[in-house]
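Secondary and tertiary structure notes
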Amino acid sequence: MHCLNGNNPIPRFCFRTLAGGLLLLVLGAATAESDDAVEVISADSNVYDGWHVLDASIRFALDDELFVALEHGVHLNIDVLVEIRRQRKWLWDPVISSHRLGFILQHHPLTGAYVVTEPIANTRREFPDAREALQSLGTIRNYHLLNAGLLTQGEAYDGYIKARLKIDALPAPLQAVAYVSPKWRVESAWLKWSLTGP
């Protein structure tokens, strides 16, 4: 199939092909960018007082454009998603327990501080700069996942964790840009670890 001919150098279907190709390039770039913007470095859990307790470290390396948006009053909603799945040989692994740790990062214009809020835990922490706030946000310690008694003896279980920026929580005018811009497509891959203990 040729896009060029003597009568019509650029037929209509060529515009559609070109537009589709450009869209794929943009989405591909967004996926590649997300790998650099956030990464779950480590995750592990142990049993304390009958509970599986999670420790995890997440590295954020957001584009400067997001920091500029913060300084102009945009709140960044970041979710950390955790799943516990039971291993099965032939079928998909069923999800036994799922958690969403929701954080809101914002800039306080009067004090210049960056504030991390966790609405579910009703906590609020202030930091002198955004990168320090993200470092704290990405340090998860002693998070209670589930009671160890809920897991069946002799079965194998895995934990999965990922982090992402909630684009649909951005102001409406910014969402259209964020959905196609690689700078705003912030989502890590799942990191897997094996649950140990009784």
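In case you missed it, the structure is sitting above this.
As a starting point, this report considers the structure included with it. (Residues numbered from 1 in each chain as written. Predicted model: local features only at pLDDT ≥ 70, side-chain atom pairs only at ≥ 80, totals over all residues. Heavy atoms only, no water.)

On to the nonpolar core. Ranked by internal contacts, the top residues of the largest apolar core, which has 44 residues, are Phe60, Leu76, Val80, Ile161 and Trp193. Looking at which element gives the most residues to this core, the answer is strand E3 (residues 76-86), with five residues. Not counting residues within four places of it along the chain, the set of residues in contact with Trp193 comprises Ala43, Asp44, Ser45, Leu54, Val82, Ile84, Leu145, Asp158, Gly159, Tyr160 and Ile161. (Core = buried A, V, L, I, M, F, W, Y, C linked by side-chain atoms within 4.5 Å. Buried < 20%, exposed > 50% of the residue type's maximum accessible area, 1.4 Å probe, protein only. Helix = DSSP H or I, 4+ residues; strand = E, 2+ residues; numbered from the N terminus. Contact = heavy atoms within 4.5 Å.)

In this section: the sheet that holds strand E6 (residues 123-127). Pairing is antiparallel in the open sheet, where six strands are placed in the order E6-E5-E4-E3-E8-E9. Of all strands in the sheet, those bounded by a partner on one side alone are E6 and strand E9 (191-194). When the angles between neighbouring strand axes are averaged without regard to direction, this sheet yields 20°. Pairing analysis gives nine bridges linking E3 to strand E8 (residues 157-165), with the strands arranged antiparallel. Along E8, the bridge assignment pairs Ile78 with Leu165. Against the sheet, helix H2 (residues 64-71) makes contact with E3, strand E4 (95-107), strand E5 (114-118) and E8, and its axis sits at roughly 65° relative to E4, the strand it touches most. (Pairing = 2+ DSSP bridges. Axes fitted to C-alpha atoms, helices over the stretch in contact; angles between N-to-C directions.)

A few words now on the side chain of Asp158. For Asp158, the location among the structural elements is in strand E8. A distance of 3.3 Å separates the side chain of Asp158 from the side chain of Ser194, its partner in a polar contact. Apart from residues no more than four positions distant in its own chain, Asp158 is found in contact with Glu83, Ile84, Arg85, Gln87, Lys192, Trp193, Ser194 and Leu195. (Polar contact = N/O pair within 3.5 Å; in protein donor to acceptor, adjacent residues only side chain to side chain.)

This next bit is on the packing of aromatic side chains. The final tally for this structure, using the stated rule, is one aromatic pair. Their ring planes at 85° and their centres at 6.4 Å tell us that Tyr160 and Trp190 sit as a pair that is edge-to-face. In this pair, Tyr160 sits in strand E8 while Trp190 sits in the loop between helix H4 (172-180) and E9, placing the two residues 30 residues apart along the sequence. The positively charged end of Arg85 is found above the aromatic ring belonging to Tyr160, 3.8 Å away from the centroid. One Lys or Arg, Arg88, reaches over the ring of Trp92 and ends 5.9 Å from the middle of that ring. (Phe/Tyr/Trp six-rings, centres within 6.5 Å; stacked < 30°, edge-to-face > 60°. Lys NZ or Arg CZ within 6 Å of the ring centre and 35° of its normal.)

Under the definition given, this model contains eight salt bridges. Residue Arg85 pairs with Glu83 through a salt bridge whose shortest N-O separation is 2.9 Å. (Salt bridge = Lys/Arg side-chain N within 4 Å of Asp/Glu carboxyl O.)

Bringing H2 into the picture now. Those residues of H2 that sit buried are Leu66, Phe67, Ala69 and Leu70. Buried residues of H2, viewed axially, fall in a sector of 155°; they line one side. Packed against the buried residues of H2 are E3, E4, E5, helix H3 (130-137) and E8. Capping the start of H2 is the job of one residue whose side-chain oxygen sits 2.8 Å from the backbone nitrogen of Glu65: Asp63. Among the residues trailing H2, Gly73 stands out with phi positive, at a value near 95°. (Arc of directions from axis to C-beta.)

The sheet built from three strands is open, its strands ordered E1-E2-E7 with antiparallel pairing. Of all strands in the sheet, those bounded by a partner on one side alone are strand E1 (38-48) and strand E7 (139-147). Going across the sheet, the axis of each strand differs from the next one's by a mean of 25°, ignoring polarity. Two elements, strand E2 (residues 51-60) and E7, share six bridges in a ladder whose sense is antiparallel. Residue pairing in the sheet places His52 in a bridge with Leu146 of E7. Against the sheet, H3 engages E2 and E7, with an angle of about 25° to E7.

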